[in-house]
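# Reading the structure
Given next are the chains, with one letter for each unit.
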Amino acid sequence: MTLQGAPRKGSRHLGVPTSGPADPLSMALANRLVENKSEATAIEITFGGAAVRFNTPVSFAVTGALSDLTLNGLAIHPHTTHTAHEGDELQMAPAAHGCRIYLALSAVLEAKRFLGSSSTYLPAALGGHGGRALMAGDRITMDSVRLVPAQVTPEDLHPVSSNSYTLRAVEGPDFSGGSEQIWEEIYTATQRASRMGIELGGMFPVTEQVENRPSSAIWPGALQLPPGGRGFLLLADAQTTGGYPHILQVARADRHLLGQIRPGDRVRFLHRTQSQAVDALRAKQALLADWLPEFTL
């Protein structure tokens, strides 16, 4: 399989990142359509604008951000199993909504493994395809190639892909009485966005900036307030707190949506208690159970 015409901007990660895919639900849905396990190695494409040429027959599926898809120039649908033959070319246009597209294939993709994962971790050049994003002309070896029956993702399981996101969230450890305004504001994602996190512009509460605050572990979905008046919403490659106030935490049920937020998108947080967040997770997990029995948000 050869990647054709990939633009300079964006990234193509091969594999499941060590810290988890940016949008784990979309990747699991793509893998389900080609009869792979949810965590099987797939290709994560940021913003779209890529083409893949197939050198052998294989089944494939595309999910995630909304992009116009064509196979040999003919339009095809996402969330559907397709079969490619030798010489066929899949084109993925730049995404109109959402940020990351997932391409899964009914095969085992060759990728270097690190800490038990086939992920590409770009900052340290580890794993995946030489530790870097895929580029035009790259060839990816596939083993155990097979063809699988066509399937379609149930309509009610299609994740939201939009330019506006409402995220359920609970108070973080540094939330205070003066932070209540955060539930009323609408924030905008800035150009500072990566798999590590997204900067949000808007009116944030003033928090006490304590110098030499001890750093600690943190989960994706945390909203931190570094100096400068903007918030930073952490994604799959989040590191430690860096000593910044942790003002709120996106509920786990909505965390998969973070990987689809792109610069310019609007974000609003809905206040939930911890028990409400747990109930939301159980409800979404129950919704997915029949189609993705092995998948956990």
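Residues numbered from 1 in each chain as written. Predicted model: local features only at pLDDT ≥ 70, side-chain atom pairs only at ≥ 80, totals over all residues. Heavy atoms only, no water.

Moving on: the overall build of the protein. Each helix and strand counted, the protein has two helices and 19 strands in total. For the protein, the proportion of its 297 residues judged to be buried stands at 52%. The contacts in the protein between residues at least 6 apart in sequence include a share of 76% that link residues at least 24 apart. Summed over its atoms, the accessible surface of the protein is roughly 13600 Å², and 53% of this surface lies on carbon and sulfur atoms. (Helix = DSSP H or I, 4+ residues; strand = E, 2+ residues; numbered from the N terminus. Buried < 20%, exposed > 50% of the residue type's maximum accessible area, 1.4 Å probe, protein only. Contact = heavy atoms within 4.5 Å. Areas by Shrake-Rupley, 256 points an atom, 1.4 Å probe, with all protein chains shown as cover.)

A few words on the side chain of Arg100. Residue placement: Arg100 occurs in strand E10 (residues 97-105). Among the polar contacts made by the side chain of Arg100, one reaches the main-chain carbonyl oxygen of Gly259 at a distance of 2.7 Å. Among residues more than four places away in sequence, those in contact with Arg100 are Ala22, Glu44, Ile45, Thr46, Thr63, Gly64, Ala65, Ser194, Arg195, Leu235, Gly259 and Gln260. (Polar contact = N/O pair within 3.5 Å; in protein donor to acceptor, adjacent residues only side chain to side chain.)

In this section: helix H2 (residues 274-288). Because an α-helix packs 3.6 residues into every turn, residues spaced three or four apart end up facing the same way. The first and last C-alpha atoms of H2 sit 21 Å apart over 15 residues, in line with the 21 Å expected at 1.5 Å per residue. Listed as buried for H2 are Ala277, Ala280, Lys284 and Leu288. Buried residues of H2, viewed axially, fall in a sector of 70°; they line one side. Exposed residues on H2 whose side chains face more than 90 degrees from its buried face are Arg282 and Ala286. (Expected span 1.5 Å × (residues − 1). Arc of directions from axis to C-beta.)

Quick look at the confidence of the model for the protein now. Residues shown with low pLDDT carry predicted positions that ought not to be read at fine detail. Averaged over all residues, the pLDDT of the protein is 87; the fraction at 70 or higher stands at 90%. Here residues 2-12 scores under 50 on pLDDT; set against residues more than four positions off or in separate chains, the count is 46 contacts. (pLDDT = per-residue confidence, 0-100.)

The next point concerns the sheet that holds strand E17 (residues 231-234). Taken together, seven strands build a closed barrel; the order of strands is E13-E18-E16-E17-E15-E14-E19 and the barrel is mixed. Here the average twist between neighbouring strands, direction ignored, is 40°. (Pairing = 2+ DSSP bridges. Axes fitted to C-alpha atoms, helices over the stretch in contact; angles between N-to-C directions.)

The geometry of an aromatic ring pair comes down to the distance between the two centres and the angle between the two planes. A complete count under the given rule lists four aromatic pairs for this structure. Both rings, one in Tyr187 and one in Phe204, keep their centres 4.3 Å apart while their planes meet at 15°; by these two values the pair is stacked. On the criterion of sequence distance, the pair formed by Tyr187 in strand E14 (residues 187-193) and Phe204 in the loop between strand E15 (197-201) and strand E16 (222-224) is long-range, its members being 17 residues apart. Like Phe204, Tyr187 is buried. Connected via pairs of aromatic rings, a cluster forms that spans Tyr187, Phe204 and Phe269. Stacked on the ring of Trp291, the Lys or Arg Arg32 has its end atom at 3.7 Å from the ring centre. (Phe/Tyr/Trp six-rings, centres within 6.5 Å; stacked < 30°, edge-to-face > 60°. Lys NZ or Arg CZ within 6 Å of the ring centre and 35° of its normal.)

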